Amino acid sequence: MFQSPVEGVTVVKKRIVIVGGGIAGMSAAHSLLERIGDAVEVTVVTKDPFYMAGPSRPLLLTGEQSYDRITRGYEEAAARGIKIVYGNVTRIDPGERRVYYTESPTRSYTSTSENSLDYDYLILAPGVVYDGSSIEGYREHWHRTASVYEPGRVDVLRSRVWSQNQGTVVVYAPPMPYRCAPAPAETALVIDTVLRHRGVRDKFRIVHVDANPKLQPPPLADTIAKIYEEAGIEFITGQKITEITANEVVLESGERIEYTILALVEPNRAPRFIADAGLGQAWIEVKSPEKPRTPSYDDILAAGDAAKLPFPKNQEIAYESALYASNTIIEEFGGEPASVQYTFLGWVYIGNRQGRLETLSIQFGLNFATKPPKPTKDTEPRRDYTMQKDRWEQSYLNRLYHPK
Ligand SMILES: Cc1cc2nc3c(=O)[nH]c(=O)nc-3n(C[C@H](O)[C@H](O)[C@H](O)COP(=O)(O)OP(=O)(O)OC[C@H]3O[C@@H](n4cnc5c(N)ncnc54)[C@H](O)[C@@H]3O)c2cc1C
């Protein structure tokens, strides 16, 4: 509750609950607090008591990035007035306007096993789940896979790449949409660099299997193919991995490739509680990218990678969709909306063909405000772009969580 300017009148604040304390969730929370903080109470419910950024995770393989630089806690955001609840959201009841959560893996506030939060507005920003269930043998052999996509699994990949002396590296990109389209190519190129650095590159075959018709993202397909040719990396497009065995992957065509290292990105989707609440199958359905309300419930909005948007799933788009979602609410309260449009500029790691652990990058972006979307690119590899990506990632973490 807050005291209104009219003496003696107490106003009940509207409750905005945000699921997911990642880039989208925290961007929405800050924007709401800044613009209509007097009229609303903003609560973020999120699984873990820390957030780890995604974009520079491939550099954990070369040792150019470290976990501590890309990890932040929520304490400072809480001190600024965002209510933070650690909990694992398991279901939503849109009719009752209630979110249910179980205790987070490491933190609890209550003695009950299932808790709930009531809302007036709900913003869903839970990111993605990596779902290997469509791949035969995944349940038995998942531990043979590794990926730059998740903490822990990056360490596994790093130790395999740094310890094996010969073999075949298979890198897999699942069907679009998945988050960060270039990350599988970045993985292949950074692994190539480490193997060169170790002087064992000629003892390895590197094969990138891509479920999509072209290497991703499409505006860089030819550039990446050329860099692959220079690096001696093979690629196969338009083929899903349908099965994993103890030492082989099987493609849709029936081709079998033996692997010693398997860097696999599973197909992505939104967490299951979204489908259970009738809000969409793989992704959260929205009425429009600029007013991302769900079709059946005006008080539920979606943002970030979990939302079904006609754009790539990346950090800039996650941030922009969060501003659009929060603006939709801000306008209802008569507040000043944040200025935003769908556009992004990013940097793609391409490793270092000299085998130096100093990753080079190329630049690329798309502006969706123009029709057709206007691409921007500079395919000249530069070290400076790698540094620029680091500054960009740090600026998000410093702004949304706390400076380091
Ligand atoms: C390896 C890698 C490389 C990338 N490279 C780039 C890049 O170069 N450029 C770029 O722009 N983007 C890149 N991205 C993508 C970028 O990180 C994502 O697009 C962005 O983080 C999406 O934001 P989000 O808020 O939707 O999801 P996230 O940032 O993942 O946040 C989701 C949050 O929700 C929480 N959550 C999930 N489920 C629940 C639940 N049931 N209950 C409570 N909380 C829950 C999670 O713990 C997390 O904190 C990369 C990502 C990865 C992994």
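If you're wondering where the values come from, they're calculated on a predicted model, not measured in any experiment.

### Some details on the overall build of the chain
For the chain, the helix and strand inventory stands at 9 helices and 24 strands. Here the chain holds 404 residues, and 45% of them are scored as buried.

### Brief notes about the sheet that holds strand β16 (residues 241-244)
Judged by pairing direction, the sheet is antiparallel, and its 3 strands sit side by side in the order β16-β17-β18 without closing on themselves. Two strands lie at the open edges of the sheet, namely β16 and β18 (256-258), each paired on one side alone. Strand-to-strand twist in this sheet, taken as the mean axis angle between neighbours without regard to direction, amounts to 25°. Across 3 bridges, the pairing between strand β17 (residues 248-251) and β18 is antiparallel.

### What to know about the domain arrangement of the chain
Taken as a whole, the chain is organised into domain 1 (2-128 + 270-343) and domain 2 (131-267). Domain 1 puts 13 residues into the contact, and the matching count from domain 2 is 19 residues. Looking at side-chain class alone, the side of domain 1 that touches domain 2 contains 7 nonpolar, 3 polar and 3 charged residues.

### Some words on the sheet that holds strand β23 (residues 360-367)
In space, the 3 strands of this open sheet follow the order β22-β23-β24, with antiparallel pairing throughout. Edge positions in the sheet fall to β22 (343-351) and β24 (374-382), since each has one partner strand and no second. Sheet twist, expressed as the average angle between the axes of neighbouring strands with direction ignored, equals 15°. Direction of pairing for β23 relative to β24: antiparallel, over a ladder of 6 bridges. By the bridge assignment, Gly365 is partnered in β24 with Thr376. The strands that helix α9 (residues 383-400) touches are β22, β23 and β24; relative to β23, the one it contacts most, it runs at about 60°.

### Structural notes on helix α4 (residues 153-163)
Within α4 the residues assigned to the buried category are Val154, Leu157 and Val161. Along the axis of α4, the buried residues cluster in a sector spanning 65°; they form a single face. Every exposed residue of α4 that faces more than 90 degrees away from the buried side is listed here: Ser159 and Ser163. Buried residues along α4 sit in contact with β12 (145-146), α5 (183-197) and β19 (261-264).

### Considering the site of the ligand
Taken together, 35 residues lie near the ligand, and Gly20, Gly22, Gly54, Gly127 and Gly304 sit nearest. At the level of secondary structure, the elements contributing two or more residues to the shell around the ligand comprise α1 (23-36), β4 (40-46), β7 (83-93) and α8 (315-332). Its residues placed into classes, the shell around the ligand shows 16 nonpolar, 12 polar and 7 charged. Of the domains in this structure, domain 1 (2-128 + 270-343) and domain 2 (131-267) are the two that each give at least three residues to the shell around the ligand.

### Remarks on the environment of Ser288
In this structure, Ser288 sits in the loop between α7 (272-276) and β21 (300-302). Separated by 149 residues in sequence, Ser288 and Arg139 have C-alpha atoms that sit 37 Å apart.

### Focus: the nonpolar core
With 60 residues, the main nonpolar core has Ile123 and Ala303 as its most contacted residues. With 53 residues, the next largest nonpolar core counts Ala183, Ile224, Ile233 and Ile350 among its residues.

Definitions and cut-offs
Residues numbered from 1 in each chain as written. Predicted model: local features only at pLDDT ≥ 70, side-chain atom pairs only at ≥ 80, totals over all residues. Helix = DSSP H or I, 4+ residues; strand = E, 2+ residues; numbered from the N terminus. Buried ≥ 20, exposed ≤ 12 C-beta atoms within 10 Å, placed from the backbone. Pairing = 2+ DSSP bridges. Axes fitted to C-alpha atoms, helices over the stretch in contact; angles between N-to-C directions. Domains from an automatic or database assignment. Contact = placed C-beta atoms within 7 Å. Nonpolar A, V, L, I, M, F, W, Y, C, P; charged D, E, K, R; others polar. Arc of directions from axis to C-beta. Near = placed C-beta within 6 Å. Core = buried A, V, L, I, M, F, W, Y, C linked by C-beta atoms within 7 Å.

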